[in-house]
Amino acid sequence: MEHFTIATEAEKSPDFRRVLWTGEHTQLVIMTIPPGGEIGEEVHEENDQILTFVSGVGEARVSGQTRKVAQGDLVVVPAGRKHNFVNTGPNPLVLYTIYGPPDHADGAVHKTKEEADRLEEAGKDEPPQS
């Protein structure tokens, strides 16, 4: 059995992205977006994504709609939807997200968005193949 105190895990990770657990059908990832930072506009053609915000404030931008997000909020992004999440506050925007199916390499740790983008472009952040 895997067990996490998810808010604590998310709060203690300074990394932009850290994969905590990867299963056959889903993946648990924690993220920390620095003030003024963003996840980056993207579309997951084959992945649904559920994001839960642990601390900080920001904006969720999904399919042309914008909403403020803060601690305790949850946003669902169905596959094929353009989305971005932006930190609009003075503190890190901390969240955990569940992808179905997995979207990143098992155990991946990306210290910054730039590192994450570079590894993705180089094909070094591929999810495990079932």
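Not measured: the values here are computed from a predicted model.

Q: Whenever I open this one, the pattern of salt bridges confuses me. Can you help?
A: Pairing between side chains of opposite charge can happen when the charged atoms of each approach one another. Within the structure shown, the criterion is met by eight salt bridges. Here R17 and D125 are joined by a salt bridge, their closest N and O atoms 3.9 Å apart. In this pair, R17 sits in strand β1 (residues 17-22) while D125 sits in the segment after α2 (113-121), placing the two residues 108 residues apart along the sequence. Between K113 and D117 there is a salt bridge, with its nearest N and O atoms 2.7 Å apart. Taken together, the positions of K113 and D117, both in helix α2 and four residues apart, correspond to about one turn of that helix. Put simply, D15, R18 and K111 are held in one network by salt bridges that share partners.

Q: What is the right way to look at the sheet that holds strand β3 (residues 42-43) in this model?
A: Backbone hydrogen bonds are what pair the strands of a sheet, in a parallel or an antiparallel way. Read across the sheet, four strands follow the order β3-β8-β5-β6 without closing on themselves; strand pairing throughout is antiparallel. In this open sheet, the two strands that pair with only one neighbour each are β3 and β6 (65-70). The pairing of strand β5 (residues 57-62) with strand β8 (residues 82-87) spans five bridges and is antiparallel. Bridging from a neighbouring strand, V62 pairs with H83 of β8.

Q: Quick question: what am I supposed to make of unusual backbone geometry here?
A: The bulk of non-glycine residues show a negative phi, and the bulk of peptide bonds are trans. With an omega of -5°, the peptide bond between G100 and P101 qualifies as cis. Position of P101 relative to the elements: it lies in the loop between β9 (93-100) and β10 (109-110). With a phi close to 50°, S63 is a non-glycine residue in the positive phi region. Here S63 is to be found in the loop between β5 and β6. Taking relative accessible area as the criterion, S63 reaches 39% and is therefore assigned partly exposed.

Thresholds applied
Residues numbered from 1 in each chain as written. Predicted model: local features only at pLDDT ≥ 70, side-chain atom pairs only at ≥ 80, totals over all residues. Heavy atoms only, no water. Salt bridge = Lys/Arg side-chain N within 4 Å of Asp/Glu carboxyl O. Helix = DSSP H or I, 4+ residues; strand = E, 2+ residues; numbered from the N terminus. Pairing = 2+ DSSP bridges. Buried < 20%, exposed > 50% of the residue type's maximum accessible area, 1.4 Å probe, protein only.

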